[in-house]
Amino acid sequence: MSVFASFDDALHTAAPVAEQRYCVTIKPARNLTADDRAQWASLWARAGHSNIFAADWFMASALAQFAAHSMVRLAVVHSLRGAWLGVLPLSFEGMMGRCPLPALHNWHCANQFDASPLIESGAEHIFWHVLLAHLDRTSGAACGLCLEELPLDDPATRALIEVCLAGERQLKQTARWGRPMMAHFGSCEVAPESVSPARRKLDRRLDSLLRKLQRDMGSVRFVQHACDTDPAEWIDRFLALERSGWKGQSRSALGCDPRTAMLFRDVITAGWQSGAVRLMSLEAGGKVIAMTSWFLRKGRGYGFKMAYDEARRSYAPGRLLMRAVADEVARGPGVLFDTCARADALADPLWPQTREVANYVLPIGGRVRRGIFAAVMRAHCAWHGRPA
């Protein structure tokens, strides 16, 4: 018997057992109880390397600011005694992009750059078995489940692929892209000969700009915000700095929308209190000219927001600050750091590896709904000139 056959048999055997021990509750996101919030926080503590954007303290603000008046539901897989095993926010939409496919979608706001579910470490296969079986029975008008922003190296994504393969459920990848990242597995210094030519070239340019900045403005410092201080002043300064530039003029700065401003305040404050947020500023001549924030927890890092003084753009303050962050990450213990850059971001010598991210769609429901799903996907692929 092959390794794959043994694995498939194990999954098929585990599925009925999982459905006997776990069930699914669909909860309105705007009506979470104190017990729900405590369960979410407990799940986050047990979730290992999971997506930080699905943490209870991040999702609490995201839902409050962007889903308070919507039909977002939480699909919670839990034990028969009520302990949460995993949670995935869902919304219903009649379209998948321009394709008329009534489907459930994993809900996330624009400032969440990873939309994988939060699942107890090691329970990813059970989560998908139980959730998909439940959605098959209670799909309503939906024929599919659309899952966006799933990193391919995440255990939840790998488990989804394996569960669909073992259950002979079609899983269609609708988009795939890479984001610059850094992956290193120790705190030793990088040998000079291992530094890429592109990084050496960038360092020479940035070193020259750093000397010019110091000559023109005075003493230069990279300042990490002290962990025992209140981040409120840092947050105010960041929002003002970002709004002073082109993002403010185009009304895309965080501070231009009360919802995004409050989301930023909430998650930086809550993440800071939990020890998951890092803050750094670049000062020249006593003036702050660039600021950035990132998340770091249990071997996973995520870039979040960065702003710089556009009057000093000739010195590339944002790049100087990003180099300082990259060096800080490289000096620490082993970590996979995802920059969360946009899909069309160029390769970056500061972040030499690539993290692959993809969108998927799969059928849910009985035979009729799966037939509708298959027909829609054939038409979709034919329209885009892709193999079905």
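Described in the following lines is the structure provided in the data block. (Residues numbered from 1 in each chain as written. Predicted model: local features only at pLDDT ≥ 70, side-chain atom pairs only at ≥ 80, totals over all residues. Heavy atoms only, no water.)

1. Structural notes on the overall build of the protein chain
(1) Moving on: Broken down by element type, the protein chain carries 11 helices and 13 strands.
(2) Moving on: Expected size for 388 residues packed as a compact globule is a radius of gyration near 21 Å; at 23 Å, the protein chain falls within 12% of this value.
(3) Moving on: The buried share of the protein chain, taken over its 388 residues, is 49%.
(4) Moving on: Just so you have it, the protein chain exposes about 18700 Å², and 55% of that area is on carbon and sulfur atoms. (Helix = DSSP H or I, 4+ residues; strand = E, 2+ residues; numbered from the N terminus. Rg over C-alpha atoms; globule rule 2.2 N^0.38 Å. Buried < 20%, exposed > 50% of the residue type's maximum accessible area, 1.4 Å probe, protein only. Areas by Shrake-Rupley, 256 points an atom, 1.4 Å probe, with all protein chains shown as cover.)

2. Concerning the pairing of strand S7 (residues 172-184)
(1) Moving on: Summarising the sheet, S7 and strand S13 (residues 353-363) pair through 9 bridges and their orientation is antiparallel. Counted as the bridge partner of Ala 175 is Asn 359 from S13. (Pairing = 2+ DSSP bridges.)

3. Quick look at the pattern of salt bridges
(1) Moving on: Scanning all chains against the criterion turns up 22 salt bridges.
(2) Moving on: Put simply, Lys 27 and Asp 36 hold a salt bridge, and the shortest N to O gap is 3.1 Å. In terms of burial, Lys 27 and Asp 36 fall into one category: buried.
(3) Moving on: Measuring nitrogen to oxygen at the nearest pair gives 2.7 Å for the salt bridge that ties Asp 236 to Arg 265. Of this pair, Asp 236 sits in helix H7 (residues 232-243) while Arg 265 sits in helix H9 (residues 258-274), and the two are 29 residues apart along the sequence.
(4) Moving on: Of the residues examined, Asp 236 reaches a relative accessible area of 39% and is grouped as partly exposed.
(5) Moving on: One salt-bridge network, in which partners are shared between bridges, spans Glu 149, Asp 153, Arg 179, Asp 338 and Arg 355. (Salt bridge = Lys/Arg side-chain N within 4 Å of Asp/Glu carboxyl O.)

4. What to know about the side chain of Asn 359
(1) Moving on: You can see Asn 359 is positioned in strand S13.
(2) Moving on: Residue Asn 359 is classed as buried on the basis of its relative accessible area of 14%.
(3) Moving on: Within the local environment of Asn 359, its side chain forms a polar contact with the backbone nitrogen of Glu 149, the two atoms lying 2.9 Å apart.
(4) Moving on: Setting aside residues no more than four positions away along its own chain, Asn 359 makes contact with Leu 147, Glu 148, Glu 149, Lys 172, Gln 173, Thr 174, Ala 175 and Trp 177. (Polar contact = N/O pair within 3.5 Å; in protein donor to acceptor, adjacent residues only side chain to side chain. Contact = heavy atoms within 4.5 Å.)

5. Notes on the side chain of Thr 292
(1) Moving on: Along the chain, the position of Thr 292 falls in strand S10 (residues 287-297).
(2) Moving on: Here the side chain of Thr 292 touches Lys 305 through a polar contact of 3.2 Å, landing on its backbone oxygen.
(3) Moving on: Aside from chain neighbours lying at most four places away, what touches Thr 292 is Trp 234, Arg 278, Leu 279, Met 280, Lys 305, Met 306, Leu 321, Met 322 and Val 325.

6. Let's talk about the packing of helix H6 (residues 197-217) against helix H10 (residues 317-331)
(1) Moving on: Orientation of H6 relative to H10, taken along the N-to-C sense of each, is 120°, at an axis distance of 10 Å. The pairing of H6 with H10 is recorded here as oblique in orientation. Crossing of H6 against H10: the hand is left-handed. Here Arg 199, Leu 202, Asp 203, Leu 206, Asp 207, Leu 210 and Leu 213 of H6 come into contact with H10, specifically with Arg 319, Leu 320, Arg 323 and Asp 327. (Axes fitted to C-alpha atoms, helices over the stretch in contact; angles between N-to-C directions. Parallel < 35°, antiparallel > 145°, perpendicular 65-115°, else oblique. Left-handed = near helix turned anticlockwise from the far one by under 90°.)

7. Observations regarding the packing of aromatic side chains
(1) Moving on: According to the stated counting rule, one finds 16 aromatic pairs in the structure shown.
(2) Moving on: Residues Phe 53 and Tyr 302 carry aromatic rings whose centres are separated by 5.3 Å and whose planes lie at 75° to one another, so their mutual orientation is edge-to-face. Note that Phe 53 is positioned in the loop between helix H2 (34-45) and helix H3 (56-66) and Tyr 302 in strand S11 (residues 300-308), a separation of 249 residues in sequence.
(3) Moving on: Note on Tyr 302: relative accessible area 1%, which makes it buried.
(4) Moving on: Ring geometry for Phe 53 and Phe 304: centres 6.4 Å apart, planes at 50°, overall tilted. Here Phe 53 is found in the loop between H2 and H3, whereas its partner Phe 304 is found in strand S11, with 251 residues between them in sequence. Accessibility assignment for this pair places Phe 53 and Phe 304 in one class, buried. (Phe/Tyr/Trp six-rings, centres within 6.5 Å; stacked < 30°, edge-to-face > 60°.)

8. Focus: the environment of Glu 148
(1) Moving on: As for its position among the elements, Glu 148 is in strand S6 (residues 144-151).
(2) Moving on: A sequence separation of 25 residues divides Glu 148 from Gln 173, and the C-alpha atoms of the two residues are 9.8 Å apart.
(3) Moving on: Residues contacting Glu 148, with those up to four places away along its chain left out, are Asn 106, His 108, Ala 115, Ala 358 and Asn 359.

These results come straight from atomic positions and should not be treated as a statement about function.
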